[in-house]
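# Descriptive structure summary
What follows is the residue order along each chain.
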Amino acid sequence: MNQNPLLEIKNLKTYFPIKAGVFKTTVGHIRAVDDISLTIYKGETLGIVGESGCGKTTLCKSIVMLNNPVSGEIQYYSNSESFRIPCINKSDMDKARRKIQYIFQDPQSSLNPVFTVFGSMNDVLRLRGVKKKKERRKIVGDLLEAVNMRRDQLDDYPHEFSGGQRQRIGIARALCVNPELVICDEAVSALDVSIQAQVLQLLKKFKEERNLTYIFVTHNLAVVEYVSDRIAVMYLGKVVELADTDDLFKNMFHPYTKALCSAIPVADINAKKNKIVLTGDVPNPANPPSGCPFHPRCLNCFEKCKTDVPKLRKYKVNGKDYFVACHLAHNQLKEKEIQEDLK
Ligand code: SF4
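Predicted model only: the values in this text are computed from it and were never measured.

In terms of regular secondary structure, the protein is built from eleven helices and twelve strands. Compactness check: the protein gives a C-alpha radius of gyration of 22 Å against a globular reference of 20 Å for 343 residues, within 12% of the reference. On the principal axes, the C-alpha backbone points of the protein span a range of 70 × 60 × 40 Å. The burial tally for the protein puts 47% of its 343 residues in the buried class. Sequence separation of 24 or more characterises 61% of the internal contacts of the protein that already satisfy a separation of 6 or more. With an accessible surface of roughly 17500 Å², the protein has 50% of that area assigned to carbon and sulfur atoms. Of the charged side chains in the protein, 50 are positive and 39 negative, and the gap between their average positions amounts to 4 Å.

Given below as structure tokens:
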């Protein structure tokens, strides 16, 4: 994997104010993204997983400034120039937005029903500098063919397509500005399983052909295992485990990751699975628990977990970087490292 960073996120916090009373005074904050630091490398697919409400989408929307972070830094290293997001001037922000494209979960609501397929990409292409309408129609037609649709469908409206076709149009629209980073936010969750497979194949094909980098958000671990080079597991606005896909599925040091993975359905009826059932709900992000945010649901909780917040620490597992935020994992990994040193 290429080790050149494309996006560096440092200590990002995105909080939403809770207003109450006649004067709508701020009485607290929902900590949707709580102090996340993450590097996305050129050409990789970073999968982000976690339960609903853990902050996956808010993190992605904060990268493209659809949500405004309260603090932190986002540095984007394009092939030609680098930007700090949010950019100080509008023209830099426009350039950065063109390099980072977003594929939304719901293909129906992400397309404007009054625009044809061509209409939904026409203005973007004109702003990109494609002056002649004939050329713009050719580009949109080529993109439709690239996503396995017919060229003559470019004057059809969104309601004339199935869900899978609409998501393909969403992919074509994201690609029409030649992006470097594509954020796929639950991009296949609303589709049938057979259509999911086709769309995932398409995304893989474009990644290789166009040298794209993906952030792939999903709550489906089987999907994320299939598409991702690395996986970040999120819980209550924080990254709790981050590693190469193979290493993560082999090791799983964080109890939350183990519980998530134990819920993956297995096609073999004879296979024995020890499903870990988590008790209780996800805590309120406006009032997170003391110490480890996972401790009220953790089966391995011990005294230290109730008072000390575990940091996301970097370890070496099989010579590769492995990040975990767990006191128990820290003890295990420290021992493992010492054993490896002694050999
Ligand atoms: Fe469980 Fe403690 Fe690890 Fe948190 S720090 S995940 S409570 S063992």
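Time to look at the side chain of aspartate 185. Structurally, the position occupied by aspartate 185 is in strand S7 (residues 181-185). One buried charged residue, aspartate 185, remains without a salt bridge, the closest side chain of opposite sign being lysine 61 at 5.7 Å. Among the polar contacts made by the side chain of aspartate 185, one reaches the side chain of tyrosine 102 at a distance of 2.8 Å. Residue contacts for aspartate 185: discarding those within four places in its chain leaves Thr57, Tyr102, Ile103, Phe104, Gln105 and Val217.

All right, on to the nonpolar core then. One finds Met121 and Phe206 to be the most contacted residues of the largest nonpolar core, which totals 37 residues. At the level of secondary structure, the elements contributing two or more residues to this core comprise helix H3 (117-127), helix H4 (133-146), helix H5 (163-175), S7, helix H6 (193-210), strand S8 (213-217) and helix H7 (221-227). Residues contacting methionine 121, with those up to four places away along its chain left out, are Val140, Leu143, Ile169, Ala172, Arg173 and Cys176. If you look at the next biggest cluster of nonpolar residues, it comprises 32 residues, including Ile63, Phe83, Ala96 and Ile183.

Taken together, the neighbourhood of the ligand is formed by His254, Pro255, Cys292, Phe294, His295, Cys298, Asn300, Cys305, Cys326, His327 and Leu328. Taken together, the residues of the shell around the ligand sort by class into seven nonpolar, four polar and no charged.

Now for the sheet that holds strand S5 (residues 82-85). Strand order in this open sheet of four strands is S2-S1-S4-S5, and the pairing throughout is antiparallel. Two strands bound the open sheet, and with one partner strand each, they are strand S2 (25-41) and S5. Taken pair by pair, the neighbouring strands of this sheet meet at an average axis angle of 20 degrees, ignoring direction. As defined by bridge partners, strand S1 (residues 5-20) adjoins S2 across 13 bridges and the pair is classed as antiparallel.

Between S1 and S2, which follow one another and run antiparallel, lie four residues, and glycine 21 among them has a positive phi close to 85 degrees. Pairing analysis gives five bridges linking S1 to strand S4 (residues 71-77), with the strands arranged antiparallel. Bridge pairing in S4 places isoleucine 9 opposite isoleucine 74.

Here we come to the packing of aromatic side chains. The tally for this structure, following the rule as stated, stands at six aromatic pairs. Between the aromatic rings of tyrosine 235 and phenylalanine 294, the centroid separation amounts to 5.0 Å while the plane-to-plane angle is 80 degrees, which identifies the pairing as edge-to-face. Linking tyrosine 235 in strand S9 (residues 230-235) with phenylalanine 294 in the loop between helix H9 (255-262) and helix H10 (303-307), this pair joins segments that are 59 residues apart in sequence. Judged by relative accessible area, tyrosine 235 falls into the buried class, the value being 1%. Judged by its relative accessible area of 2%, phenylalanine 294 is buried. Put simply, the rings of Tyr235, Tyr256 and Phe294 touch in pairs and so form one group of aromatic residues. Sitting over the face of the ring of phenylalanine 118, arginine 137 holds its NZ or CZ atom 5.1 Å from the ring centroid. The ring of tyrosine 226 has lysine 204 sitting right over it, with the charged end atom 4.3 Å from the ring centre.

This paragraph deals with the confidence of the model for the protein. Across the protein, the average pLDDT comes to 87, with 94% of residues at or above 70. When mean pLDDT is compared element by element in the protein, S9 scores highest at 96, while helix H11 (residues 327-342) scores lowest at 68. Residue range residues 338-343 is modelled with pLDDT below 50. Its contacts to residues more than four positions away, or to other chains, number one contact.

Within the secondary structure layout, asparagine 300 lies in the loop between H9 and H10. For the pair asparagine 300 and histidine 254, spaced 46 residues apart in sequence, the C-alpha separation works out to 9.9 Å.

The rules we used
One numbering rule holds for all chains: residues counted from 1, following each sequence as written. Given that the model is predicted, a residue must reach a pLDDT of at least 70 before its local features are reported, and side-chain atom pairs must reach 80 or more before they are shown or counted; all residues, however, enter totals for whole chains, interfaces and linings. The side-chain quantities take in all heavy atoms of the structure and omit both hydrogens and water. Each helix is a run of DSSP H or I of at least 4 residues and each strand a run of E of at least 2, with the numbering of both proceeding from the N terminus. Here the globule rule reads 2.2 Å times residues to the power 0.38, and the radius of gyration is calculated from C-alpha atoms. Throughout, exposure labels follow a simple rule: accessible area from a 1.4 Å probe, protein chains only, divided by the maximum for the residue type, with under 20% read as buried, over 50% as exposed, and the rest as partly exposed. Contact between two residues is taken to exist if any of their heavy atoms lie within 4.5 Å; hydrogens are not considered. Only the protein chains shown count as covering a residue, and every accessible area follows the Shrake-Rupley method with a 1.4 Å probe. Asp and Glu are treated as the negative residues and Lys and Arg as the positive ones, with His and the ends of the chain left uncounted. Where a charge sits is defined by one atom per residue type, namely NZ (Lys), CZ (Arg), CG (Asp) or CD (Glu). Basic side-chain nitrogens of Lys or Arg form a salt bridge, by our definition, when they fall within 4 Å of a carboxyl oxygen of Asp or Glu. Polar contact is the term for a pair of N or O atoms within 3.5 Å; when the atoms are in protein, one must be able to donate a hydrogen and the other to accept it, and sequence-neighboring residues count only if both atoms are side-chain atoms. Nonpolar cores were defined as sets of buried Ala, Val, Leu, Ile, Met, Phe, Trp, Tyr and Cys residues, with membership established by side-chain atoms within 4.5 Å. Whether a residue is near a molecule or strand is decided by its heavy atoms; if any one of them lies within 4 Å of it, the residue is near. Amino acid classes used here: Ala, Val, Leu, Ile, Met, Phe, Trp, Tyr, Cys and Pro are nonpolar; Asp, Glu, Lys and Arg are charged; the rest, including Gly, are polar. DSSP-based pairing: two strands are paired if at least 2 bridges between them are found. Where helices are involved, their axes are fitted lines through C-alpha atoms of the stretch in contact, as for all axes, and angles between N-to-C directions lie from 0 to 180°. Paired rings are identified among Phe, Tyr and Trp, the last through its six-membered ring, by centres lying within 6.5 Å, and are further divided according to the angle between planes into stacked (under 30 degrees), edge-to-face (over 60) and tilted (the rest). By definition, being over a ring means that NZ of Lys or CZ of Arg is both within 6 Å of the ring centre and within 35 degrees of the ring normal. Scored from 0 to 100, pLDDT reflects the predictor's confidence in each residue.

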